[in-house]
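Structural overview
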Amino acid sequence: LDADQAALVRGAWDKVKHSEVEILAAVFTAYPDIQAKFPKFAGKDLASVKGSADFALHATRIVSFISEVLALAGNSATAPAIETLVTELANNHKNRGVTKDQFTEFRTALTKYVSSNASWGDNVAAAWNQAFDNVYAIIFAKL
Ligand code: HEM
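Let us look at the structure shown here. (Residues numbered from 1 in each chain as written. Predicted model: local features only at pLDDT ≥ 70, side-chain atom pairs only at ≥ 80, totals over all residues. Heavy atoms only, no water.)

The next thing to look at is the site of the ligand. If you check the shell around the ligand, you find 16 residues, and the closest are Phe38, His58, Asn92, His93 and Arg96. Here an oxygen atom of the ligand and a side-chain polar atom of arginine 96 are 2.5 Å apart. Taking a 2 Å distance to the grid points as the criterion, the majority of the atoms of the ligand fall inside the largest pocket. Elements supplying a minimum of two residues to the shell around the ligand: α5 (53-72), α6 (79-95) and α7 (100-117). Broken down by element, the shell around the ligand gets its largest block of residues, four residues, from α5. Of the residues in the shell around the ligand, the class split is nine nonpolar, four polar and three charged. (Near = heavy atom within 4 Å. Polar contact = N/O pair within 3.5 Å; in protein donor to acceptor, adjacent residues only side chain to side chain. 1 Å grid on protein atoms, 1.4 Å probe; cavity = no way out; pocket = protein on both sides within 12 Å on 5 of 7 lines; lining within 4 Å. Sits in = over half its atoms within 2 Å of the grid points. Helix = DSSP H or I, 4+ residues; strand = E, 2+ residues; numbered from the N terminus. Nonpolar A, V, L, I, M, F, W, Y, C, P; charged D, E, K, R; others polar.)

Structure, rendered in structure tokens:
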């Protein structure tokens, strides 16, 4: 991403990043197969786990990871740091049996959430999609 694209993506993300629990709940609602991969949440009603400390903790981990990557975006000097973080994420998730299709589901659900909760023009959408394409190229090469 160039610096302008990174600013657009961060601007959208800043509007939703405090809604960690709602983001994870939206992902699980749209794609129960993702929820089923979590030992702590598999087989349970979303409503029964959504208010738990475990749910908040995991939601915060995901959101913090995305914030960390976005803080490094838009600067070629920090591209290697992004590569390292994302490669580690890919390897952790590969070891858990997460599939490319599930990563694509996650992308679909997160994009829907952000586009509905931040101001979303064509320029923001294009930058957001470029960001996911870049990160998913790293992840899909490992899965
Ligand atoms: C754990 C982020 C997609 C399933 C984690 C952690 C982070 C994270 C930061 C905690 C650190 C770790 O243990 O690796 C993300 C991001 C995703 C993503 C940023 C997309 C870009 C997915 C998908 C699935 C998934 C699609 C399942 C289908 C899990 C599971 C854990 C985990 C099962 C372990 C939970 C536990 O410790 O009990 N994820 N994740 N993740 N993620 Fe993801």
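Exactly one protein atom donates to the iron atom of the ligand; that atom is His93 (NE2), 2.0 Å from the metal. Summarising the element assignment, histidine 93 is placed in helix α6. (Donors = N, O, S within 2.8 Å, 3.2 Å for Na, K, Ca; no water.)

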